[in-house]
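# Chains, contacts and geometry: an overview
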Amino acid sequence: MPRDAAAVYPLVVITGPTGIGKSALAAQLARQYPVEIISADSAQIYRGMDIGTAKPGKAERQAIRYHLLDIRDPAESYSAGEFRRDALALIAQIRARGNLPLCVGGTLLYLRALLRGIARLPQASAQLRRQLDARAAQDGWPALHKELAAIDPDTAARVHENDAQRIQRALEVHQLTGSTMSVLQRDAMSESVPGDRLCYALWPSSREFLHRQIASRLGDMYDRGFVAEVESLHARGDLTDRTPAVRAVGYRQIWAQLAGKLEASAARNAALAASRQLAKRQMTWLRREPEFRRLLVPDEDAATRVANDVKALLA
């Protein structure tokens, strides 16, 4: 890809289910072409959360330019709107440097915000949230998730049945506006990403292949000290199981182990099951997104396909 075409470089977006190899593909492209990587991972933004988020290591980050890693303390929050703002600024800067912006990650809420804009949603209602919390305390968040699925199946499909924060917000928005989160997001009127874009979804050749990938990656995380990493977060004393950073897959289950709620083996099995459930939700969302071109893994040479598509677009 010639550098003199930088002014018209497209935005390249690579996503897919957890464990499929998104980061490896991005690194492969960055070693061959003038690429800068923008992380679209809601857990990799946190400092001190490296192993469980599969964050690129020090050597790789010295060789490849990454953005939106380690930009928040685990006690802090970071919204999809903030991601969109930061990503749009970075895309312009990367293009100005004569490089190709490559946005990679599996946080679909971030990608939706970047590609489609942000819906104008009502401010939170403390009273309504107390009512929802009270109902959840009595019936459980899975029951409220079923209620959300009846009202807004698209949003419910993207949200885990125990994700209290997102279930609460989606039900709150519906009660305050009479509309659903998914409808408001589809109607969002925001400036689109300037320039062309190419969007890809890495797609497993079989469910068994993806499950092997997920299990292998989790095993590697444990071998590298995942539990010790969560222990260091737990020891801080200012984080709880409701903190968004702690709610990340794997961290949530080990946190329960450290709190005495799960045995070590049960926590590991729960982390594996949660990873598989996350992958299933991600694929459900991507099936409804025709803009994302599928790259079959491991059967297809994804790096060559992406490079050839960029070259064809520039030509």
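Residues numbered from 1 in each chain as written. Predicted model: local features only at pLDDT ≥ 70, side-chain atom pairs only at ≥ 80, totals over all residues. Heavy atoms only, no water.

## Regarding the overall build of the protein
Applicable threshold: Counting from the N terminus, the helices are the DSSP runs of H or I reaching at least four residues and the strands are the DSSP runs of E reaching at least two. With the radius of gyration taken over C-alpha atoms, the globule rule is written as 2.2 Å times the number of residues to the power 0.38. Accessible area is worked out with a 1.4 Å probe on protein chains only. A residue is then buried under 20% of its type maximum, exposed over 50%, and partly exposed in between. Only heavy atoms matter for contacts: two residues are in contact if any of them lie within 4.5 Å across the pair. Asp and Glu count as negative and Lys and Arg as positive, but His and the ends of the chain are not part of the count. Positions of charges follow a simple convention, taking NZ of Lys, CZ of Arg, CG of Asp or CD of Glu.
In terms of helices and strands, the protein carries 14 helices and six strands. For 315 residues, the compact-globule estimate of 2.2 N^0.38 gives 20 Å, and the C-alpha radius of gyration of the protein, at 20 Å, lies within 12% of that figure. Referenced to the eigenvectors of the C-alpha coordinate spread, the extents of the protein come out at roughly 60 × 45 × 35 Å. Expressed as a percentage of its 315 residues, the buried residues of the protein come to 50%. Considering only residue pairs separated by 6 or more positions, the protein has 75% of its internal contacts joining residues 24 or more positions apart. The centroid of the 44 positive side-chain charges in the protein is displaced by 2 Å from the centroid of its 35 negative side-chain charges.

## Topic: the pattern of salt bridges
The criterion, for reference: Basic side-chain nitrogens of Lys or Arg form a salt bridge, by our definition, when they fall within 4 Å of a carboxyl oxygen of Asp or Glu.
Applying the stated criterion to the full structure yields 21 salt bridges. Residues glutamate 291 and arginine 197 are paired through a salt bridge, measuring 2.6 Å at the closest nitrogen-oxygen approach. Here glutamate 291, found in the loop between helix H13 (264-287) and strand S6 (292-297), pairs with arginine 197, found in strand S5 (residues 197-204); they are 94 residues apart in sequence, far enough to count as distant. In this structure arginine 197 comes out as partly exposed when scored by relative accessible area, which is 26%. One salt bridge connects lysine 261 with aspartate 241, and the closest N-O pair in it is separated by 3.5 Å. Of this pair, lysine 261 sits in the loop between helix H12 (251-258) and H13 while aspartate 241 is found in the loop between helix H11 (226-234) and H12, placing the two residues 20 residues apart along the sequence. Of the residues examined, lysine 261 reaches a relative accessible area of 60% and is grouped as exposed. With a relative accessible area of 34%, aspartate 241 lands in the partly exposed category. One salt-bridge network, held together by shared partners, links Asp50, Lys55, Arg61 and Asp70.

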